[in-house]
Each structure stands twice: as structure tokens, then as C-alpha cells.
Amino acid sequence: MLGSSLPSTLFTFDSGTQSRLSPDLESNSSNSISFNAKRLFPAKNLAFTKWRTHSAARTPETVLTEEDMKKWEACRQVFSRFEFTKEEEDKILGKAFGLVHSPYWGEEREVAVPEQEDINAIFDYLTGLGLSDDDLIKILKKFPEVVGCSLENELKTNIQILEKQWSIKGKSLKNLLLRNPKVLGYIIDCKGDCKALCTRCWVRF
């Protein structure tokens, strides 16, 4: 979830004739960014689209080829079962893969193009834990970055920790994930010796 200190952001597309998109901040306290899906990836056939993100925190640049845009659209299709709007799908993917600044990642998340197979695998795994589509919607709203986490190294590892070290299983596990889905992305336990990875640390559990 975006914090109140979210820097202003401007997306610039270099496609021969330059067009600019300034995402609007929702009036709610969540301060999340909304996209215009049609303007995010123009319909005309471009050899490439260069996307720069200008913010106070960092200024990454990535080049989205036509193949990249096809992958993005394929990932949107994965979310069709949840009936999110296109703007919500873009917001989830953007936060999860570094295209939109998210305090959850800090400065470590590199911009990446999502893979449909990886997102499907994450949803299949979470469904296997007893989570329904309605449950997944709640998780995605609280923790959209989950689809950008590693299934093997983070989700599965953290579920094993919860089950084996904390004896949290079944319904209790499901309730925990609905209450605090960010536990799925924890990568460190500083044990009080802060490593400046607070949003991803077990000390918050």
C-alpha cells in the first residue's frame, strides 16, 4: 500500500511524437496511482515505446518493445477472473514490477516485464492454500506486490516458516494471509539489528 510520502510521478513515452501521461492520485488516503490503460500502451503499432519514470526517489528507464507490451496484455488477461478494471490491473502490475514506485520495495526493485506463467503459478499456489477468488481480490488490494514476489524463494519459503516454526496452518493460515498478506514477501529477520528492509522483515510479524 502506498504511503502518504509518495513522490509525484510523470510517465513519458518516446514514440516519434512524444506524449505524456500524468497519473492522477486518488482522492482517498491510499494515494494510489491510477492509469488510463489505452494511453498506457498506445494502440498504434510502434517499433518500441520508451517509458521513463521521473520521481524524487529514483528515475529508472525501461524500453518496452512490442513483445513486452504483448506480455503485459497477456498478464492483464490473468486478472480477468477478478473483474478488476484495466486501470486497476495496470496499477497492480506496475507496483509489483517496479513500473510504479512502491515503498514496499524501497530502492531494490528493478523494473521488469511480468510473465503470465509466473503470475498464474502464484495464483494457483495461493488457491491451493484454500484461498478463493474473493480472498485473492482482498490480498491483491492490500498487497499488489505479491505477484512480483518469487514463488519459490519467498511465497513457498514463508509459508513453510509459518507452518513449521509458528504452527500456523489451515484456516488460521488463511485468516493470517487475509489480515497480513505482506508476510508472503518477507525476506529477512533482522532480530532487532535493523538492516533497513523494514517493509520485508519478519520483525513486523
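Residues numbered from 1 in each chain as written. Predicted model: local features only at pLDDT ≥ 70, side-chain atom pairs only at ≥ 80, totals over all residues. Heavy atoms only, no water.

Along the polypeptide, Arg109 turns up in the loop between α3 (86-96) and α4 (116-128). No salt bridge forms around the buried Arg109; measuring N to O, its nearest opposite-charge neighbour Glu110 is 6.8 Å away. At 3.1 Å, the side chain of Arg109 and the backbone oxygen of Ala96 are in polar contact. (Helix = DSSP H or I, 4+ residues; strand = E, 2+ residues; numbered from the N terminus. Buried < 20%, exposed > 50% of the residue type's maximum accessible area, 1.4 Å probe, protein only. Lys, Arg positive; Asp, Glu negative; His and termini not counted. Salt bridge = Lys/Arg side-chain N within 4 Å of Asp/Glu carboxyl O. Polar contact = N/O pair within 3.5 Å; in protein donor to acceptor, adjacent residues only side chain to side chain.)

With that out of the way, let us pick up the environment of Glu115. Take Glu115: it is sitting in the loop between α3 and α4. Linking Glu115 and Gly148, residues 33 residues apart in sequence, is a C-alpha distance of 9.7 Å. When residues no more than four places from it in sequence are discounted, the contact partners of Glu115 are Lys71 and Cys75. Reaching out from Glu115, the side chain makes a polar contact with the side chain of Lys71 at a distance of 2.9 Å. (Contact = heavy atoms within 4.5 Å.)

Moving on, we get to the nonpolar core. Core analysis: the largest hydrophobic core is formed by 41 residues, its most contacted members being Phe79, Ile119, Phe123, Leu140, Val147 and Leu155. When residues of this core are traced back to their parent elements, those giving at least two are α2 (66-78), α3, α4, α5 (133-142), α6 (151-164) and α7 (170-179). The contacts of Phe79, once residues within four sequence positions are left out, are Phe84, Glu89, Ile92, Leu93, Ile119, Phe123, Leu140 and Val147. (Core = buried A, V, L, I, M, F, W, Y, C linked by side-chain atoms within 4.5 Å.)

This brings us to α6. With 14 residues, α6 extends 18 Å from end C-alpha to end C-alpha; this agrees with the ideal 20 Å at 1.5 Å per step. Listing the buried residues of α6 in full gives Leu151, Glu154, Leu155, Asn158, Ile159, Ile161 and Leu162. Against the buried residues of α6 lie α4 and α7. Where α6 starts, the residue carrying a side-chain oxygen 3.0 Å from the main-chain nitrogen of Asn153 turns out to be Ser150. (Expected span 1.5 Å × (residues − 1).)

A few words now on the pattern of salt bridges. Counted according to the given criterion, the structure contains seven salt bridges. In this structure, the salt-bridge partner of Arg76 is Asp90, at a minimum N-O distance of 2.8 Å. Here the residue Arg76 occupies a position in helix α2, and Asp90 occupies one in helix α3, the gap between them amounting to 14 residues. We note that Arg76, like Asp90, is buried. One salt-bridge network, in which partners are shared between bridges, spans Glu73, Arg76, Lys86 and Asp90.

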